[in-house]
Each structure stands twice: as structure tokens, then as C-alpha cells.
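# Summary of structural features
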Amino acid sequence: MIKDAVIIGAGASGLMCAIEAGRRGRSVVVIDHAPRVGSKIRVSGGGRCNFTNLNISADHYLSQNRHFCKSALSRYSSEDFIRLLKKHRLSFHEKQGGQLFCEVSASAIIRMLETECRQAGVEFQLNRRIKRVTNEKIFTVETEGGPTAAASLVIATGGLSYPGLGASDFGLRTAERFGIKVIPPRPGLVPLTFEGRDLRLFKALSGVSINAEVSCGTASFRGAVLFTHRGMSGPAILQISSHWLPGSILTINLLPELDAHALLLSSRQSRQEVRNFLSQYLPARFSQKWCEQYAKTGPLCRLTEKELKEMAESLSAWQVRPAGTEGYGSAEVTVGGIDTNEVSSRSMEAKKVSGLFFIGEALDVTGHLGGYNLHWAWASGHAAGQVV
Ligand SMILES: Cc1cc2nc3c(=O)[nH]c(=O)nc-3n(C[C@H](O)[C@H](O)[C@H](O)COP(=O)(O)OP(=O)(O)OC[C@H]3O[C@@H](n4cnc5c(N)ncnc54)[C@H](O)[C@@H]3O)c2cc1C
């Protein structure tokens with residue numbers, strides 16, 4: 001029997017698409033090579049699933065086509081997902097920046113989506129390796145379990161990050177097979193690695209966290225920067241990593257709340273050691289180690305006007321050059337993916353191939369940290385679910 005839709009990928013976007021299409025009375029089959037649905041949802045938000053954000057808007061997404069995500073986001077808001085949670089009596093709480101987390105655990109969200117799928121009559125084929133996909137007016141997906149034919153094929157196989165959780169390049173390969181352009185992918189929301197002198201400093205500071213503003217090109221994020229044995233992590237670094245390209249420099253304002261030059265000038269009579277003076281504003285261990293490399297030793301009052309100015313510059317625009325990232329094994333998302341110029345922003349259907357849809361992280365739409373990526377999965381899945 002030919003189904004209305006076959007969805008490959010039982011993750012966030014695939015499940016939402018299945019629910020929406022099933023509710024419309026469409027016959028839907030979801031196929032996944034993993035034995036369980038929603039593997040990434042289960043680990044998201046440290047197990048508490050940061051499922052959306054109260055400030056959803058296109059400004060929180062990266063894409064070569066900045067306008068693409070607007071249509072789907074405008075038709076599926078954070079309120080829509082909250083309504084679903086309330087229907088299932090799941091409680092949640094808000095953290096800084098409008099991030100919404102599940103009160104109990106991410107598994108509760110998966111159970112909610114599974115229940116919705118069941119009620120919408122969605123069929124599942126899990127633990128199935130896909131052998132072949134063909135398109136002869138209808139789409140046929142062949143697995144070890146046999147063929148499944150459908151009028152629409154939805155690719156919801158996500159990005160490349162966390163291969164241990166079932167991530168694969170299936171979506172990108174399928175797009176290329178159908179002649180659809182792919183923006184080269186790279187890891188995003190990922191810790192950055194360093195080498196040489198910088199790495200020696202960061203290793204010595206491992207475990208220390210500072211509050212800073214990190215910039216790369218025109219992008220800038222304020223938040224915690226955590227030093228690690230391999231380099232830098234923490235929310236501000238994860239955010240900027242999605243904008244970082246190999247070779248480029250990060251500029252870090254270590255005193256984002258203060259005017260460093262005015263602060264040093266107002267304290268220029270101080271007999272305090274520079275590192276002790278700075279430890280009033282930065283963690284003592286950081287201040288000591290950073291001063292060993294970037295500041296003069298001795299009391300502040302001995303610094304010349306020029307030296308004060310140079311130190312203020314180092315404090316407000318400290319420049320570091322990452323050597324790389326920790327890669328897909330540690331990246332929360334993939335930047336790049338299927339070129340959105342090739343896809344309808346209303347339905348997510350490929351412009352060149354009728355009946356073929358791409359949703360979720362497989363597309364070149366990458367959210368900031370804070371629930372934006374799962375929200376994109378819900379919104380794009382919802383959009384396709386209205387038409388398949
Ligand atoms: C550790 C971690 C924590 C995260 N925390 C958050 C968070 O708190 N908030 C947030 O907004 N985002 C978070 N994200 C990002 C978010 O989980 C993803 O952006 C989102 O799940 C993408 O949804 P998707 O449906 O596109 O893909 P996925 O949810 O990744 O689903 C893809 C599905 O496709 C299946 N699949 C892949 N290849 C094949 C194949 N060849 N054959 C068959 N099936 C295949 C996979 O098994 C999987 O079930 C986190 C990501 C990680 C890795």
C-alpha cells in the first residue's frame with residue numbers, strides 16, 4: 001500500500017512532522033536506523049531538554065539565507081509547543097534569556113511526542129538501515145525490512161554532530177543525489193582548541209570561568225568563558241564558535257561591564273600589584289596567570305601612561321587565535337547543510353523535486369544556544385506536516 005508520507009529520521013523534526021501529518025489523517029511511516037526515537041532530545045539541555053525559547057525570532061539563527069526561517073517560525077511559536085506540554089501536564093521552568101527547560105527530564109518530552117504519534121496513527125520502523133531511495137513518481141525507501149512506498153518523502157536525519165547518537169550525512173548525501181546544493185557543513189556550538197603559548201595558559205587555568213564578551217567579525221556574545229585542558233568552552237565560546245572560521249581571531253573583552261582605560265587611570269596612584277588589582281574584577285587565578293603573559297609586573301603606580309593604555313587595550317580587546325574546534329563529537333549542532341534557496345520556506349519542499357521535503361538541522365539553519373535549535377526542528381517539522 002502506498003503511504004501518504006515516509007519520514008526518514010525519528011528525531012525532533014521528524015516526530016513533529018509525523019504528528020502534524022497524522023493529525024490531518026495522512027498515512028505516515030517514520031523510519032530510523034536507531035533502535036529508539038529522539039536520541040538527541042534525550043541528552044539535550046543536560047538531560048532536561050531546553051525545548052524552546054521565549055524570544056524566538058530569525059535574529060537567533062545563522063543561514064546563508066537569513067529570511068528563510070521566518071515563515072515557519074511565524075507559524076509555530078514557543079507558545080504552540082508550551083500548549084502541547086500543558087496538554088500532557090508537563091511542567092517546565094524558565095532560565096536566563098528566555099530558555100525553557102523541562103522540569104522532570106527530557107525523556108518526558110519524548111514520551112509526549114510518542115503518545116501524540118500513536119494518537120495520530122503514525123507507524124514506526126526502527127532499527128532499519130536504509131539501503132536505497134528511489135523516485136519514480138512515488139518514493140520508495142528500501143530497508144532490510146522491505147520497501148516502503150509513499151507520495152512524499154521527508155528527510156529529517158539532522159546534522160553531523162554526535163555521531164554516537166545516530167547522526168549521519170544521509171540528508172546531505174540525499175540532497176546531492178537529487179542535484180540539490182549543500183552549503184559545506186562545519187561543527188557549531190562547539191568548544192575551541194588552542195596550541196602553543198595560549199594552550200599552556202589555558203591548561204594552567206583549566207576549570208576557571210570568567211564573564212566576558214567574545215567577538216568574531218561582526219558577531220559578539222556575552223557570557224561565561226570556561227578554560228579547559230584543550231582550550232576554551234562555556235556559553236560565550238560555544239555561541240561564537242558557530243561564527244568562527246579557521247584562521248580567524250577572537251577578540252575578548254575581559255571587563256565587559258567596565259571601561260578598562262578609565263578604571264586603570266582612576267587607580268593609577270595605587271601601590272597594589274597589577275595582578276592583585278585586577279583580581280578585584282577577575283578570578284584571582286586568572287588574573288595571576290594572565291598578568292604573567294600580558295601585563296607588567298610591579299605596582300600599578302609605576303606604569304607609564306602608554307603602558308596603562310596598552311594594558312587597557314589588552315583587557316578590553318584580548319586577541320586569541322583558535323587552532324580548531326573539538327569537532328562533531330562535541331558539537332551541539334552543524335552549521336551549513338542543505339541550501340535553503342533550494343527549498344520552499346513555506347512547505348520545506350525541494351523546489352526541484354516535487355514531493356521531496358527537508359526539515360530540521362539537515363537544512364542550512366543553525367540556531368543560537370538556548371532552545372533555538374529544537375525550536376527550528378519543531379517549526380520546520382510543523383510546516384512540512386501541514387502539506388505532506
Ligand atoms: C548534546 C546535545 C545537546 C543539545 N541540547 C539542545 C538543547 O537543549 N536545546 C536545543 O534547542 N537544541 C539542543 N541540541 C540540538 C538539537 O538536539 C538538534 O538541533 C535537534 O535535535 C535537531 O533535530 P532534527 O530532527 O533535525 O535531528 P535529530 O533530532 O538529530 O534526529 C535525526 C534522526 O535521524 C536519524 N538518522 C540519521 N541518519 C540516519 C540514517 N542514515 N538512516 C536512518 N535514520 C537516520 C537519527 O537516528 C535521528 O533519530 C543539542 C544537541 C546535542 C548533540
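Conventions and cut-offs
- Every chain is numbered independently, its residues counted from 1 as its sequence is written.
- Totals for whole chains, interfaces and linings use all residues, but because this is a predicted model, local features are given only for residues with pLDDT of at least 70 and pairs of side-chain atoms are given and counted only at 80 or more.
- Start and end points for every domain follow an automatic or database-based domain assignment.
- The residue classification treats Ala, Val, Leu, Ile, Met, Phe, Trp, Tyr, Cys and Pro as nonpolar and Asp, Glu, Lys and Arg as charged. All others, Gly included, are polar.
- Every helix listed is a DSSP run of H or I at least four residues long, and every strand listed is a run of E at least two residues long, numbered separately from the N terminus.
- We call two residues in contact whenever the C-beta atoms placed from their backbones are within 7 Å.
- Note on terminology: a nonpolar core is any set of buried Ala, Val, Leu, Ile, Met, Phe, Trp, Tyr and Cys residues joined through C-beta atoms within 7 Å.
- Whether a residue is buried, exposed or partly exposed follows from its count of other C-beta atoms within 10 Å of its own C-beta, namely 20 or more, 12 or fewer, or something in between, respectively; the C-beta atoms are built from the backbone.
- Nearness here has a simple definition: the residue's C-beta atom, placed using the backbone, must lie within 6 Å of the molecule or strand.

## Remarks on the domain arrangement of the protein
- When cut into domains, the protein gives domain 1 (3-187 + 334-385) and domain 2 (192-325).
- Along the lines of polarity and charge, the residues of the side of domain 1 that touches domain 2 split into 4 nonpolar, 2 polar and no charged.

## Details of the environment of Arg 222
- Within the secondary structure layout, Arg 222 lies in strand β14 (residues 219-227).
- As a C-alpha pair, Arg 222 and Arg 302 span 80 residues in sequence and 32 Å in three-dimensional space.
- Here Arg 222 is in contact with Glu 213, Ala 236 and Pro 256, once residues within four sequence places are set aside.

## Side note on the nonpolar core
- Counting 66 residues, the largest nonpolar core has Ile 7, Ala 18, Val 154, Phe 357 and Phe 358 as its most contacted members.
- Per-element accounting of this core gives the leading share, 8 residues, to helix α13 (residues 372-385).
- Not counting residues up to four positions away in its chain, the partners in contact with Phe 357 are Ser 152, Leu 153, Val 154, Ile 155, Met 348, Glu 349, Ala 384 and Val 388.
- Judged by nonpolar contacts, the second largest core, of 41 residues, contains Phe 194, Leu 238, Ile 252 and Leu 315.

## A word on the site of the ligand
- Not every one of the 37 residues close to the ligand is listed here, only the nearest: Gly 9, Gly 11, Gly 158, Gly 166 and Gly 360.
- Among the secondary structure elements, those contributing two or more residues to the shell around the ligand are α1 (12-23), α2 (39-43) and α13.
- The leading source of residues in the shell around the ligand is α13, at 4 residues.

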